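An overview of the molecular structure
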Amino acid sequence: MTEGQERRAVGRTGLFERPPARVRGLREVRLLDLSPAGAQIEHLDLFRLGASCALDLPPPCGALSLPAQVVWCTVVGRKRKLGGDSHLVARSGLRFTTLTAQQQAALADILHALTTALQPIA
């Protein structure tokens, strides 16, 4: 693999607005990018590697719930809360698992809409 070459098998779509999403049963997260195979999220504190979860996409992204697994998690900073408490800020990679045909089609539609919206106007 040459330097700067994308190592992912599937291209991803960066989400510059970082819309809020949820990891069901855990917490609110920020969605950083999305692909047919997974997503990158930003959140407070750490996720356990290998943990199963469901990523609930926000309504602008289709209000879709996707089963996933945490494949990596790294600390990117610290955030102070009111009252002086601080929390770790982390980013995690999620790989989607066992998507139904309906979920795959809905995700493809969402990604198509996102990439179309990001296209420069000629």
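My aim in this report is to walk through the structure given alongside it, one point at a time.

How each quantity is defined
- Residues numbered from 1 in each chain as written.
- Predicted model: local features only at pLDDT ≥ 70, side-chain atom pairs only at ≥ 80, totals over all residues.
- Heavy atoms only, no water.
- Salt bridge = Lys/Arg side-chain N within 4 Å of Asp/Glu carboxyl O.
- Helix = DSSP H or I, 4+ residues; strand = E, 2+ residues; numbered from the N terminus.
- Buried < 20%, exposed > 50% of the residue type's maximum accessible area, 1.4 Å probe, protein only.
- Core = buried A, V, L, I, M, F, W, Y, C linked by side-chain atoms within 4.5 Å.
- Contact = heavy atoms within 4.5 Å.
- Polar contact = N/O pair within 3.5 Å; in protein donor to acceptor, adjacent residues only side chain to side chain.

Turning next to the pattern of salt bridges. Taken as a whole and judged by the stated rule, the model has two salt bridges. As a salt-bridge pair, Arg91 and Glu42 come within 2.8 Å of each other at their nearest N and O atoms. You can see Arg91 sitting in strand 7 (residues 86-96) and its partner Glu42 sitting in strand 4 (residues 38-44), a full 49 residues away along the chain. Glu42 sits in the buried class, given a relative accessible area of 17%.

Our focus in this paragraph is the nonpolar core. The biggest cluster of nonpolar side chains holds 24 residues, and the ones touching the most others in it are Leu34, Ile41, Leu55, Leu57, Phe96 and Leu107. Listed by contribution, the elements that provide at least two residues to this core are strand 2 (20-23), strand 3 (27-34), strand 4, strand 5 (52-56), strand 6 (65-80), strand 7 and helix 1 (101-118). Here the element with the most residues in this core is helix 1; it accounts for four residues. Filtering out sequence-adjacent residues up to four positions away, Phe96 remains in contact with Leu34, Ser35, Pro36, Ala37, Gly38, Ala39, Leu55, Leu66, Pro67, Ala68 and Leu107.

Structurally, Gln103 is set in helix 1. In terms of polar contacts, Gln103 uses its side chain to reach the backbone carbonyl oxygen of Ser65, at 2.9 Å. For Gln103, the residues in contact, after removing those within four places along its chain, are Leu64, Ser65, Leu66, Pro67 and Thr98.

Bringing unusual backbone geometry into the picture now. In this structure, Asp45 is a non-glycine residue whose phi angle is positive, near 65 degrees. Phi is positive for Thr98, which is not a glycine, with a value near 40 degrees. Within the secondary structure, Thr98 sits in the loop between strand 7 and helix 1.

Looking now at the environment of Gln40. Residue placement: Gln40 occurs in strand 4. Engagement of the side chain of Gln40 in a polar contact is seen with the side chain of Asp33, the distance being 2.9 Å.

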